[in-house]
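# Overview (structure and organization)
As a plain string of letters, each chain reads:
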Amino acid sequence: MDFSCKYFKEGKCEGQKVVDGETMPLVLIPQDSNKNDLESLLLALKNNKEWFEQMIIKNSAVLLRGFQVDNPQDFNEIIETFGWEDIRYIGPAPRTHIYKRIWTANEGPLSEFIYYHHEMVLFKDHPKQLMLFCEIPPPEGGETPFVPSFRVTERMLEEFPEAVAKMEAKGLRYTFTALNDDNKGSMRGRGWKDAFGTPDPAECERRCKALGMDVEWLQDGSLKTILGPRTLTTVFDGRKGRKMWFNTIVGMHGKELSTATMADGTEIPENVVKRCGEIIEEESIQFKWEKGDVLFFDNVALLHGRRPSLPPRRVLVATCK
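Only a predicted model underlies this, so the values are computations on that prediction, with no experimental measurement involved.

Quick look at the nonpolar core now. Nonpolar side chains tend to gather and get buried jointly when the protein is soluble and globular. The biggest cluster of nonpolar side chains holds 66 residues, and the ones touching the most others in it are V152, M156, F196 and I249. At 5 residues, helix α9 (residues 270–282) tops the list of elements feeding residues into this core. Once residues within four sequence positions are removed from consideration, F196 is found in contact with I90, C204, R207, C208, L211, M213, L223 and T225. Among the nonpolar cores identified, the runner-up in size contains 30 residues, and F8, F52, I102 and M131 belong to it.

Given below as structure tokens:
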């Protein structure tokens, strides 16, 4: 489906790339500079809902820029226009609920780099759409880079065909330790009580089982979760048959609170993990925020991260099925 909509004009942004004929991100700006108010934007989205959804799938990332989106309430109105089902975030990132469907993005220290990932990649019930809103752009740094996942698969197959085939055949196994209490000094510092929405260990275990996890309680009260087998790559409907690098081996392999191995316990070679991280960085698109930006990601097609930044930086998030 080609770009054609009377309500928007196509714009440009720093870092934009064309990947396999697709512009990432597709930048949509007001057709008429006098109609950049929130009401006009909501009307345009309502009247072009199907077209806009197709643009997200086609381009993997769509950026609304130049509209008067000022606060979490405005952002929530945009999300609710589409009628997408909400999905509650599960994971280690410390986050705070702000308003209705809106949460803070990872509240870990701004000095830390948040590694590239598909949101909730470890769970069978993961978001299809991920939306971000920049309320306060950082004075320096703080980009939200993203990566076309299929390109990582293509390059890993070119450089490590045997290792990829082995991981595909065996599947993957992950462990992650959720702390007993929250630690907002860490980008993975969300305690198990907050992560699973209960202070009761028995109920927590039940919820973990429902999500496909095995668990092990540690002496300090932390919770070790075990997930597997999981696939290395996934083909999703409507994405041109592309094999997405839908895993988190680089983000979890050999870390303080996490591990990533093949499902039978075989170690993933260190050089393979290291080179995969380099490929992901090489394929990244370095998007830079402006105040009022609203960015839509096709979560199954893109990995995303966060560059270190100077404060203040406030980016809010919503996740939908």
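Moving on, we come to the packing of helix α4 (residues 149–159) against α9. Interaxial distance between α4 and α9 falls to 10 Å at its minimum, and their mutual angle equals 140 degrees. Of the possible angle classes, the one that applies to α4 and α9 is oblique. Crossing of α4 over α9 shows right-handed handedness. For the pair formed by α4 and α9, the contact residues are V152, R155, M156 and E159 on the first element and V272, R275, C276, I279, I280 and E282 on the second. Of the residues assigned to the contact of α4 with α9, the class counts are 6 nonpolar, no polar and 4 charged.

Let's shift gears to empty space enclosed by the protein. If you walk through the whole model with that rule in mind, you get 1 cavity of 30 Å³ or more. Here the largest cavity is characterised by a volume of approximately 40 Å³. If you trace the largest cavity, you find it lined by Y115, Y116, W245, N247, T248, I249, V250, G251, C276, I280 and L303. If you list the elements that add at least two residues to the lining of the largest cavity, you get β8 (114–117), α8 (249–252) and α9. Of the residues forming the lining of the largest cavity, the biggest block, 3 residues, is contributed by α8. Each residue belonging to the lining of the largest cavity can be placed in one class, and the counts come to 8 nonpolar, 3 polar and no charged.

Moving on to the packing of aromatic side chains. Applying the stated criterion across every chain yields a total of 15 aromatic pairs. Centre to centre, the rings of F113 and Y116 are 5.7 Å apart; their planes meet at 70 degrees, and the pair counts as edge-to-face. The class for F113 is partly exposed, based on a relative accessible area of 24%. With a centroid separation of 5.1 Å and 55 degrees between ring planes, the pair formed by F146 and F297 is classed as tilted. Here F146, found in strand β10 (residues 146–148), pairs with F297, found in strand β17 (residues 294–298); they are 151 residues apart in sequence, far enough to count as distant.

Before going further, it helps to spend a moment on the sheet that holds strand β18 (residues 302–306). Pairing is antiparallel in the open sheet, where 3 strands are placed in the order β8-β18-β10. In the strand order of this sheet, the two ends are held by β8 and β10, each with one partner. Direction aside, neighbouring strands of the sheet carry axes that sit 10 degrees apart on average. As judged from the 2 bridges shared by β8 and β18, these two strands associate in the antiparallel manner. By the bridge assignment for β18, I114 is matched with R306. Helix-sheet contacts for α4 involve β10 and β18, and the interaxial angle to β10 is about 60 degrees.

Conventions adopted
Residues numbered from 1 in each chain as written. Predicted model: local features only at pLDDT ≥ 70, side-chain atom pairs only at ≥ 80, totals over all residues. Heavy atoms only, no water. Core = buried A, V, L, I, M, F, W, Y, C linked by side-chain atoms within 4.5 Å. Buried < 20%, exposed > 50% of the residue type's maximum accessible area, 1.4 Å probe, protein only. Helix = DSSP H or I, 4+ residues; strand = E, 2+ residues; numbered from the N terminus. Contact = heavy atoms within 4.5 Å. Axes fitted to C-alpha atoms, helices over the stretch in contact; angles between N-to-C directions. Parallel < 35°, antiparallel > 145°, perpendicular 65-115°, else oblique. Left-handed = near helix turned anticlockwise from the far one by under 90°. Nonpolar A, V, L, I, M, F, W, Y, C, P; charged D, E, K, R; others polar. 1 Å grid on protein atoms, 1.4 Å probe; cavity = no way out; pocket = protein on both sides within 12 Å on 5 of 7 lines; lining within 4 Å. Points joined across faces, edges and corners; volume = space filled by probe spheres on them. Phe/Tyr/Trp six-rings, centres within 6.5 Å; stacked < 30°, edge-to-face > 60°. Pairing = 2+ DSSP bridges.

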